[in-house]
Amino acid sequence: MISKSLFIRGLQCLKSLYLHKNRPYLRDPISKSTLAKFRRGHEIGKLAQELFPDGIQLARPGPKSYLKSASLVSAHIAQQTPVLYEVPFIHEDFLAIMDILTFQNGTWNAFEVKSSLSISDTYLWDICFQAYVIQAYGLSPVTFSIIHINPEYVLQDRFNPAAFFNIVPVEKEIYQMLPEIPAKLIAMRDTLNATTSPEISVGTHCHYPYPCDFTGHCHKHIKEPSIFSISGITLEEKYQFIEEGKSQLRDVAEHLQNTQIINRIHSILSNQTIIQNREMIEFFGNPPDQVCFIKIFHQSPAIPLHRNKKPFELTPIMISTAENQIHETVFNEYLIEVDERISSKTFHDFLSKMFSQRHKTKICCFGEKHILIPLFHFYMRENESFIHEINIIDLQEIFELAYYCAPDIDTEYSFQSVVRHFNSDKAQIIHKDFELINKVSDDPFKYSDIDGLKDSYIQSGRIWCLYLSGIYKNILQLIDT
Ligand code: SF4
């Protein structure tokens, strides 16, 4: 049976469709970010139902159980039930599950809900497939719309679903695309019934519009160290090299001009750390009297957490700091609240402290300078002209700029891989510490749960700052002044 998710899979790559049916065990493990997207889609889907309240829920646990509800759907259609959720339509071996279906003034209205800020071509193909099945089923007349998150929505005192969503009619687009659907479905059916996998090479289609879950399987012939071991080259360029038969790092080094990429390649091929001493000295500047190590916990929730925030707007939650004093490390935690229900005083305390110490203290973060600077601007509007005097260094930049290249640091220059690089004898402790940090960072934050979450946040922030302080010291010792 071809559902809309299989249709979109087949549209991206027929081999993926074949493998999904015939070799599902070859799939990559599902990533945390994919799981988070599923969770978000489900949450937004539920929320969109509030636009059409009091509907009848027809959701079932899986495609096979939808087959059993076919007679139920026919009954609701015959009775012209005003609002239905998750409505399955079956035609031949195609299954379309419409998120919301309403009946108003003699017309059926079908709505597909997307947890994104805009409508992509993939979403149009998605609803086009649904429209094809619904038309073939015989439902008429029907209007089709996509409901997506309004990028201009700003949370006021109360969450307002009507303002949070945009409802966009898409019939015009659908009717242009519909004639292409039958040929695509024939190709997909043929692929599913074939005895061997279609011959399709790897390419950018393995990543867009969605990361394919057979990437590990299809790329396994590319031996390491390959061009996927380095950053700084676009995916398009990487696949162009592969097409030319140059998948290995040693094959591409001579074709590249960029010194940063060449440094990274040399580091991996020689299995050595390469340091650009002069650039590092310039980067660190004069040694400060005091360094304040900092971690900002933040999220970008689809549904804003605070008043005056937009969907997916970056929302800082807590700042952790550590300062090394003569005999001890002093930790501080500051909750960042722009919500009037909870005071913002604590974060102002941090800013005032940093501001008053700006000539002798350097703030050291990892990959978070782009969050910290707007925060300073937001909270210190009255002292804006002095903000440039606050001394911030972001240690991730030395890896991005290839001032420090090491073969075991990943292509994202993640904090975890840098910590592992400098603490190679503590693999198990690091693994455990990052389980906690990642849980705190990845799980959706709710202010209503703050009492239960506080300890995990505090502990994670302290661990992060201690590792950061260790990396800072290690690097300074390595620079030859
Ligand atoms: S990894 Fe690429 S080639 Fe392989 S199935 Fe997925 S999209 Fe197709």
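Residues numbered from 1 in each chain as written. Predicted model: local features only at pLDDT ≥ 70, side-chain atom pairs only at ≥ 80, totals over all residues. Heavy atoms only, no water.

Q: Please explain the overall build of the protein as it appears in this structure.
A: From N to C terminus, the protein includes 20 helices and 14 strands. With respect to the principal axes defined by its C-alpha atoms, the protein has extents near 80 × 60 × 40 Å. For the protein, long-range pairs separated by at least 24 residues make up 68% of all intrachain contacts whose partners lie at least 6 apart in sequence. As displayed, the protein offers around 24700 Å² of accessible surface, 52% of which is attributable to carbon and sulfur atoms. Taken together, the 46 basic and 56 acidic charged side chains of the protein have centroids lying 4 Å from each other. (Helix = DSSP H or I, 4+ residues; strand = E, 2+ residues; numbered from the N terminus. Contact = heavy atoms within 4.5 Å. Areas by Shrake-Rupley, 256 points an atom, 1.4 Å probe, with all protein chains shown as cover. Lys, Arg positive; Asp, Glu negative; His and termini not counted. Charge placed at Lys NZ, Arg CZ, Asp CG, Glu CD.)

Q: For this particular structure, what's the right way to read unusual backbone geometry?
A: A cis amide bond links S140 to the next residue, P141, at an omega of -15 degrees. Here P141 lies in the loop between α6 (121-137) and β6 (142-149). Note the cis peptide between E224 and P225, where omega equals -5 degrees. Within the fold, P225 resides in the loop between α10 (215-218) and α11 (235-243). Even without being glycine, N271 reaches a positive phi, approximately 55 degrees. Examined against the element boundaries, N271 turns out to sit in the loop between α13 (259-270) and β8 (274-275). The backbone phi angle of N308 is positive, close to 70 degrees, even though this residue is not glycine. Its place among the elements puts N308 in the loop between β9 (290-299) and β10 (315-324).

Q: Help me understand a nonpolar patch on the surface, please; the structure alone is not making it clear to me.
A: On the surface, I30, L35 and F38 cluster together to form a nonpolar patch covering roughly 310 Å² of accessible area. Tracing the chain through its elements places I30 in the loop between α2 (14-22) and α3 (32-48). (Patch = residues over 30% accessible without salt bridge, like charges linked within 9 Å, V, L, I, M, F, W, Y side chains within 5 Å. Salt bridge = Lys/Arg side-chain N within 4 Å of Asp/Glu carboxyl O.)

Q: Can you walk me through the packing of aromatic side chains in this structure?
A: Each aromatic ring pair is described using two quantities: the centre-to-centre distance and the angle formed by the ring planes. Inspection of every chain in the model, using the stated rule, returns 25 aromatic pairs. The interplanar angle of 70 degrees and the centroid separation of 6.3 Å between the aromatic rings of F94 and Y132 together place this pair among those described as edge-to-face. Here F94, found in strand β4 (residues 94-104), pairs with Y132, found in helix α6; they are 38 residues apart in sequence, far enough to count as distant. With relative accessibility at 2%, the residue F94 sits in the buried group. Three or more aromatic residues link up through ring pairs in this structure, and these residues are F366, F399, Y404, F415, F422, F434, W464 and Y467. (Phe/Tyr/Trp six-rings, centres within 6.5 Å; stacked < 30°, edge-to-face > 60°. Buried < 20%, exposed > 50% of the residue type's maximum accessible area, 1.4 Å probe, protein only.)

Q: In this structure, what is going on with the pairing of strand β11 (residues 329-335)? I would like to understand it.
A: Two faces belong to every sheet, and in a regular strand the side chains alternate between them. Alignment of β10 against β11, held across 7 bridges, turns out to be antiparallel. Bridge pairing in β11 places E323 opposite V330. (Pairing = 2+ DSSP bridges.)

Q: What should I look at first to understand the environment of F312 in this one?
A: Looking at the secondary structure, you find F312 in the loop between β9 and β10. For F312 and P288, which are 24 residues apart along the polypeptide, the C-alpha to C-alpha distance reads 36 Å. The contact partners of F312, leaving out residues within four places of it in the chain, are R40, S115, L117, I149, S300, P301 and A302.

Q: I would appreciate a short explanation of the site of the ligand in the present structure.
A: The local shell around the ligand consists of C13, K15, S16, S201, H205, C206, C212, F214, T215 and C218. Using a 2 Å cut-off from the grid points, one finds that the ligand occupies the second largest cavity. Among the secondary structure elements, those contributing two or more residues to the shell around the ligand are α2 and α10. (Near = heavy atom within 4 Å. 1 Å grid on protein atoms, 1.4 Å probe; cavity = no way out; pocket = protein on both sides within 12 Å on 5 of 7 lines; lining within 4 Å. Sits in = over half its atoms within 2 Å of the grid points.)

Q: When you look at the sheet that holds strand β13 (residues 391-394) in this model, what are you seeing that I'm missing?
A: As a general point, the strands of a sheet are linked pairwise by backbone hydrogen bonds and lie either parallel or antiparallel. On the basis of which strands lie adjacent, the open sheet formed by 5 strands has the order β11-β10-β9-β12-β13 and mixed pairing. Both edges of this open sheet fall to β11 and β13, since each of them pairs with a single strand only. Looking at each pair of strands side by side, their axes are set apart by 25 degrees on average, direction ignored. Note: β9 against strand β12 (residues 361-365), 4 bridges, orientation parallel. Bridged to Q290 within β12 is T361. Sitting on the sheet, helix α16 (residues 369-379) is in contact with β9, β10, β12 and β13, with an inclination near 160 degrees to β13. (Axes fitted to C-alpha atoms, helices over the stretch in contact; angles between N-to-C directions.)

Q: Honestly, the nonpolar core in this entry has me stumped. Any pointers?
A: One recurring pattern in soluble globular proteins: nonpolar side chains tend to sit buried together. Judged by nonpolar contacts, the single largest core of 39 residues is most densely connected at F7, F89, L101 and F144. Here this core gets 9 residues from one element, more than from any other, and that element is α6. In contact with L101, other than residues within four places in its own chain, are I77, P82, V83, L84, V87, F89, W108, N109, A110 and L139. Core analysis: the next-biggest nonpolar cluster, separate from the first, contains 33 residues, F293, I393, I398 and V418 among them. (Core = buried A, V, L, I, M, F, W, Y, C linked by side-chain atoms within 4.5 Å.)

Q: Help me understand empty space enclosed by the protein in this model?
A: In this approach a probe as big as a water molecule rolls over the atoms, and the regions it shows empty are the leftover space. What the rule picks out here adds up to 2 cavities of 30 Å³ or more. For the largest cavity, the calculated volume is near 140 Å³. Counting residues per element, the ones that place at least two in the lining of the largest cavity are α13 and β14 (404-405). The biggest single contributor to the lining of the largest cavity is α13, with 3 residues. Each residue belonging to the lining of the largest cavity can be placed in one class, and the counts come to 8 nonpolar, 4 polar and 2 charged. Lining the second largest cavity are 15 residues, with C13, H205, C206, C212 and C218 positioned closest to its centre. The element best represented in the lining of the second largest cavity is α2, accounting for 3 residues. Grouping the constituent residues of the lining of the second largest cavity by class yields 8 nonpolar, 6 polar and 1 charged. (Points joined across faces, edges and corners; volume = space filled by probe spheres on them. Nonpolar A, V, L, I, M, F, W, Y, C, P; charged D, E, K, R; others polar.)

Q: Looking at this model, I keep getting lost on the layout of surface pockets. Mind explaining?
A: If you add up the space inside the second largest pocket, you get close to 1300 Å³. Together, 37 residues line the second largest pocket, and Q299, P301, A302, P444 and F445 are the ones closest to its centre. Put simply, the parts of the chain that give the lining of the second largest pocket at least two residues each are α3 and α19 (427-442). A total of 8 residues in the lining of the second largest pocket trace back to one element, the largest contributor, which is α3. Along the lines of polarity and charge, the residues of the lining of the second largest pocket split into 13 nonpolar, 8 polar and 16 charged.

Just distances and angles here, no functional claims.
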